[in-house]
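Given next are the chains, with one letter for each unit.
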Amino acid sequence: MKLFDEAYRGRRVLITGHTGFKGSWLALWLHELGAEITGIGLTPATTPNHWDLLQLPIQDHRVDIRDRQAVRSVIQKSQPEIVFHLAAQPLVRRSYRDPLESWSTNVMGTAHVLEACREQDSVRAIVAITTDKCYENREWTWGYREIDLLGGHDPYSASKAGSELVAASYRSAFFASRGAPQLATARAGNVIGGGDWSEDRLIPDLIRALEADQSLEIRSPAATRPWQHVLESLSGYLMLGQRLLSGDSRFAEAWNFGPEPEGNRPVAEVLERLAHHWSQMRWHITQEPQPHEAALLYLDSAKARSRLNWQPVWNLEATLAQTAHWYRTWMESQEVTSRQQLLDYVDSAANAGHEWTGQ
């Protein structure tokens, strides 16, 4: 199996947020690609957690990106060629409880990472991950494009828009000269998949309810989100990193990686589809008032499709089936199927003729 034309084999790669849900899946994929990985991240907040279950042999540094000197020290010592910046405060409701955590982590933390990269000559490429929620949400029925306005109602969304602005500033002010790192930002949809135990997320909350034999409390059953498997967004990040490592400045921009239109579905429908894979699940709608969250959110990924030749591999039904299978296998036998699912995903991409597989 040939991946990404061997673009990452032997490369020194740094991942911030490697202990998180998405970061741990990225670390697994890069490990399979033969990269030399260093991670900067916090100790996972839950037990179990995907990072500990994977047991990957990488340089694991427990560092808060708000600690500028600690970030700088790790980047100086590891001398990465490419940096994937995923570390963040990623939860909307948590941002209401502690807004300063979101602002300091997502804005100043990003600045600390980019400044450390600016000071390290080895860095050739940076992919900074933000979110689909960085757009000024006007509840449009069409997808947001990379040229649309940034903004945010809640502290999480607004701070991720701020992270985008920090990246844009560094790209213009410091990374535009010849030989400077190529910096891109990436905005994905609602990623789901096995190994997520975060608070206030639909699938992890469902798993906890199933384990406790309880009914899941739903806040916004009509809220529509762009649902996609975590590997879909990661394939986009890796494609983008490959182009940046080649020195192609045309890709040092903002990019959306969202599902096909069929993947934009209300929460209630996603639960109904999941019930086909898990007949024991139960859910009910809460009557308690809730903090504001966007009701409608779509991404337009035409740019990634046309210029990167990126496209989704698993539709919503396959995504839900793979996610349910991961958790059921874990709950029944404590077996971690992440590597096998990654191999299945790559095989599906190859069979569909996706260029990044190198087949």
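Scroll up a little and you will see the structure.
One structure accompanies this document, and this report is about it. (Residues numbered from 1 in each chain as written. Predicted model: local features only at pLDDT ≥ 70, side-chain atom pairs only at ≥ 80, totals over all residues. Heavy atoms only, no water.)

1. Things to note about helix H9 (residues 267–274)
- Buried residues dominate H9, accounting for six of its eight residues.
- Listed in full, the buried residues belonging to H9 are Val267, Ala268, Val270, Leu271, Arg273 and Leu274.
- On its buried face, H9 sits against helix H7 (202–211), strand S8 (216–218), strand S9 (224–229), strand S11 (264–266), strand S12 (283–285) and helix H11 (316–333). (Buried < 20%, exposed > 50% of the residue type's maximum accessible area, 1.4 Å probe, protein only. Helix = DSSP H or I, 4+ residues; strand = E, 2+ residues; numbered from the N terminus. Contact = heavy atoms within 4.5 Å.)

2. What to know about the nonpolar core
- Ranked by size, the top nonpolar core spans 75 residues in total, and within it Tyr8, Trp29, Leu30 and Phe84 carry the most contacts.
- Element by element, the count of residues in this core is highest for helix H8 (residues 230–245), at nine residues.
- Of all hydrophobic cores here, the second largest spans 24 residues; its members include Ile65, Ala87, Val107 and Val166. (Core = buried A, V, L, I, M, F, W, Y, C linked by side-chain atoms within 4.5 Å.)

3. Let's talk about the pattern of salt bridges
- Counted according to the given criterion, the structure contains 31 salt bridges.
- Across the pair Arg250 and Asp248 runs a salt bridge, and its minimum N-O distance is 2.6 Å.
- Judged by relative accessible area, Asp248 falls into the buried class, the value being 16%.
- The closest approach of N and O atoms between Lys303 and Glu253, which form a salt bridge, is 2.8 Å. In this pair, Lys303 is assigned in helix H10 (residues 302–307) and Glu253 in the loop between H8 and strand S10 (254–257), connecting sequence segments 50 residues apart.
- The network of salt bridges with common partners includes Arg93, Arg94, Arg97, Glu101, Glu199, Asp200 and Arg219. (Salt bridge = Lys/Arg side-chain N within 4 Å of Asp/Glu carboxyl O.)

4. Some points on the sheet that holds S11
- Here three strands make up an open sheet; going across it, the order is S7-S9-S11 and the pairing mixed. The sheet terminates laterally at strand S7 (190–192) and S11, the two strands that pair on one side only. The mean angle between the axes of side-by-side strands here comes to 50°, regardless of whether they run parallel or antiparallel.
- Where S9 lies against S11, three bridges are found, and the strand directions are antiparallel. Within S11, the position partnered with Pro226 by the bridge is Asn264. (Pairing = 2+ DSSP bridges. Axes fitted to C-alpha atoms, helices over the stretch in contact; angles between N-to-C directions.)

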